[in-house]
Amino acid sequence: GHHAETDRAYAFCMFGNVAIAAAQARQQGWSKKTLIVDFDVHHGNGTQNMFADDPTVLYLSLHRYDKGKFFPGGKLGSYTSTGLGSGKGYSVNVPW
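The structure reproduced in this document is the subject of the present report. Source: prediction; values computed, not measured.

### Some thoughts on the nonpolar core
So, point 1. Listed in full, the six residues of the largest apolar core are A19, A22, I36, F51, V57 and Y59.
So, point 2. At the level of elements, α1 (17–27) and β2 (57–63) are the ones that each hand at least two residues to this core.
So, point 3. Ignoring sequence-local partners within four residues, the contact set of Y59 consists of I36, D38, H43, G44, T47, Q48, Y90, S91 and V92.

### Quick look at the sheet that holds strand β3 (residues 91–95)
So, point 1. Ordered in space as β1-β2-β3, the three strands form an open sheet in which the pairing is parallel. Pairing within the sheet leaves two strands with one partner each, and these edge strands are β1 (34–39) and β3. The mean inter-strand angle of the sheet, taken between neighbouring strand axes irrespective of direction, is 10°.
So, point 2. The pairing of β2 with β3 spans five bridges and is classified as parallel. Residue pairing for β3: Y59 is matched across the bridge by S91.

### Notes on the environment of C13
So, point 1. Here C13 lies in the segment before α1.
So, point 2. Owing to a relative accessible area of 12%, C13 belongs among the buried residues under this scheme.
So, point 3. Spatially, the C-alpha atoms of C13 and D53 are 22 Å apart, while their sequence positions differ by 40 residues.

### Details of the pattern of salt bridges
So, point 1. Following the criterion strictly, the structure yields two salt bridges and no others.
So, point 2. Between R26 and D54 there is a salt bridge; the shortest N-O distance is 2.6 Å. Of this pair, R26 sits in helix α1 while D54 is found in the loop between α2 (45–50) and β2, placing the two residues 28 residues apart along the sequence.
So, point 3. D66 is the salt-bridge partner of R64, the closest N and O atoms lying 2.8 Å from each other.
So, point 4. Relative accessible area serves as the criterion here: at 33%, R64 is assigned to the partly exposed category.

Cut-offs applied
- Residues numbered from 1 in each chain as written.
- Predicted model: local features only at pLDDT ≥ 70, side-chain atom pairs only at ≥ 80, totals over all residues.
- Heavy atoms only, no water.
- Core = buried A, V, L, I, M, F, W, Y, C linked by side-chain atoms within 4.5 Å.
- Buried < 20%, exposed > 50% of the residue type's maximum accessible area, 1.4 Å probe, protein only.
- Helix = DSSP H or I, 4+ residues; strand = E, 2+ residues; numbered from the N terminus.
- Contact = heavy atoms within 4.5 Å.
- Pairing = 2+ DSSP bridges.
- Axes fitted to C-alpha atoms, helices over the stretch in contact; angles between N-to-C directions.
- Salt bridge = Lys/Arg side-chain N within 4 Å of Asp/Glu carboxyl O.

Encoded structure:
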């Protein structure tokens, strides 16, 4: 589930299956770059956090936002949240 963080389960998500698959594909050499498209009513905070500083993964999330008041809330799902460090620009949020 896209809410699971690297260190804990969150919001009924025990682990980030798509994030784990993407990381494993890169580790095994099956993929040098990965695109993750997350179309869900909720922002995938865990998946974005996992790859926030990774320029080899482009994370695209389309989700309800309501000015940060819709679950999981906060600024992470905002269109201004674009990644960290070398991953800046590799997180793309399209909130509505």
